[in-house]
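# Summary of structural features
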Amino acid sequence: MCKQPHQLIWTDTERENDMSRGLIVLDPGHGQFGNAHTTREGFYEGTQNFILANVLKAQLEARGFEVLTTRPAIEDNPDLEARGKMAGENRAILFLSLHSNAPGSATPPEQYAAVRGAVTYYSIADPLRNADLATRLNDAVSVCMNTVNRGIKTRTYPDRPDLDYYGVLRHSVAYGCSCAMLIEHGFHTNPEDSAFLQDSDCLARLARVEADVLDDFFD
């Protein structure tokens, strides 16, 4: 059974009666107007990933998974702990945070728009298993988007090599879901990557590709 947005924790009875292949928590990064696309007015990282999450949710449910999203409504913007906590408290088999990227301050302004590509960060809590899934996802996303494959990475907290840097991954692990990763779906500052992310048909293709990877991995 699919929980309503205000009922975000399963009871033991519901879990015993559930015949799904497991619960996946999708986290559309940021809020509705988080991080504007620099290539076209009116598009935002938070909105485009909300759209992607909902198409991916439908694709995963069609394959037998139970799915919760951290932002049931587009205007929702829970804090990082609440996002990761949802996965742990509901005993999710995967926490997947959906984002797009922008160059760091070290990038010269004249190169800003040229930087592109997909990268996936995975939790150090279960490195071998997570690296396997992260590789499959990032390879599939790069091919689907026809963009640079920037590989998979881990990132730890400053002076804490045992702790994930990204709050959503850190809190997912802290509450009990160690299969946790964050995909940067290209750069919303790059013309080619952002054009893909602004196209609803392209997002639908991307959702199918990611669902296929998860379908195979959790088979």
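Let me begin by describing the structure that accompanies this report.

Cut-offs applied
- Residues numbered from 1 in each chain as written.
- Predicted model: local features only at pLDDT ≥ 70, side-chain atom pairs only at ≥ 80, totals over all residues.
- Heavy atoms only, no water.
- Helix = DSSP H or I, 4+ residues; strand = E, 2+ residues; numbered from the N terminus.
- Rg over C-alpha atoms; globule rule 2.2 N^0.38 Å.
- Buried < 20%, exposed > 50% of the residue type's maximum accessible area, 1.4 Å probe, protein only.
- Contact = heavy atoms within 4.5 Å.
- Areas by Shrake-Rupley, 256 points an atom, 1.4 Å probe, with all protein chains shown as cover.
- Lys, Arg positive; Asp, Glu negative; His and termini not counted.
- Charge placed at Lys NZ, Arg CZ, Asp CG, Glu CD.
- Core = buried A, V, L, I, M, F, W, Y, C linked by side-chain atoms within 4.5 Å.
- Pairing = 2+ DSSP bridges.
- Axes fitted to C-alpha atoms, helices over the stretch in contact; angles between N-to-C directions.
- Salt bridge = Lys/Arg side-chain N within 4 Å of Asp/Glu carboxyl O.

## Some thoughts on the overall build of the protein
Assigned secondary structure in the protein consists of seven helices and eight strands. The C-alpha atoms of the protein give a radius of gyration of 17 Å, which matches the 17 Å a tight globule of 219 residues would have. Summarising its shape, the C-alpha atoms of the protein cover approximately 55 × 40 × 30 Å along the three principal directions. Looking at the 219 residues of the protein, the share that counts as buried comes to 49%. Taking the intrachain contacts of the protein between residues at least 6 apart in sequence as the baseline, contacts between residues at least 24 apart amount to 76%. Surface accessibility of the protein: about 10,100 Å² in total, with carbon and sulfur atoms responsible for 50%. Each charge class in the protein was averaged separately, 20 positive and 31 negative side chains, and the resulting centres sit 1 Å apart.

## Comments concerning the nonpolar core
Counting residues in each nonpolar core, the largest one holds 35 residues, and the members touching the most others are Leu60, Leu94, Leu96, Leu133, Met181 and Leu214. When residues of this core are traced back to their parent elements, those giving at least two are strand S1 (23–28), helix H2 (45–62), strand S3 (94–101), strand S4 (118–122), helix H4 (127–145), strand S8 (180–187), helix H6 (191–197) and helix H7 (200–217). Residue contacts for Met181: discarding those within four places in its chain leaves Leu94, Phe95, Leu96, Ser97, Thr120, Tyr121, Tyr122, Asn130, Leu133, Ala134, Leu137 and Leu169. Grouped together as the second largest cluster of nonpolar side chains are 15 residues, Met86, Tyr121, Tyr166 and Leu169 included.

## Remarks on the sheet that holds S8
The strand order across the open sheet built from six strands is S2-S1-S3-S8-S4-S5, with neighbouring strands paired in mixed fashion. With one partner strand each, in any of the chains shown, strand S2 (66–69) and strand S5 (149–153) form the two edges of the open sheet. The sheet shows a mean angle of 20° between the axes of neighbouring strands, direction not considered. Taken together, the five bridges between S1 and S3 define a ladder with parallel strand orientation.

## Digging into the pairing of strand S7 (residues 160–164)
When strand S6 (residues 156–157) meets S7, the two strands line up antiparallel, connected through two bridges. When the sheet's bridge partners are listed, Thr156 is paired in S7 with Asp164. The hairpin formed by S6 and S7 contains two residues between the paired strands, and Asp159 there has a positive phi angle of roughly 65°.

## Focus on the environment of Met86
Among the structural elements, Met86 can be located in helix H3 (residues 80–89). Between the C-alpha atom of Met86 and that of Ala36, which follows or precedes it by 50 residues, the distance is 27 Å.

## Some points on unusual backbone geometry
Although it is not a glycine, Asn35 sits at a positive phi angle of roughly 60°. Among the secondary structure elements, Asn35 is positioned in the loop between S1 and H2. With a phi close to 65°, Asp159 is a non-glycine residue in the positive phi region. On the secondary structure map, Asp159 appears in the loop between S6 and S7. The exposure class assigned to Asp159 is exposed, which follows from its relative accessible area of 78%.

## Brief notes about the pattern of salt bridges
Evaluated as defined, the whole model comprises nine salt bridges. A salt bridge links Glu89 to Lys85, with the shortest nitrogen-to-oxygen separation between them at 3.7 Å. One end of the pair, Glu89, and the other, Lys85, are both in helix H3, four residues apart, so they sit about a helical turn from each other. What makes Lys85 partly exposed here is its relative accessible area of 29%. Through salt bridges that share partners, Asp132, Arg136 and Asp216 make up one connected network.

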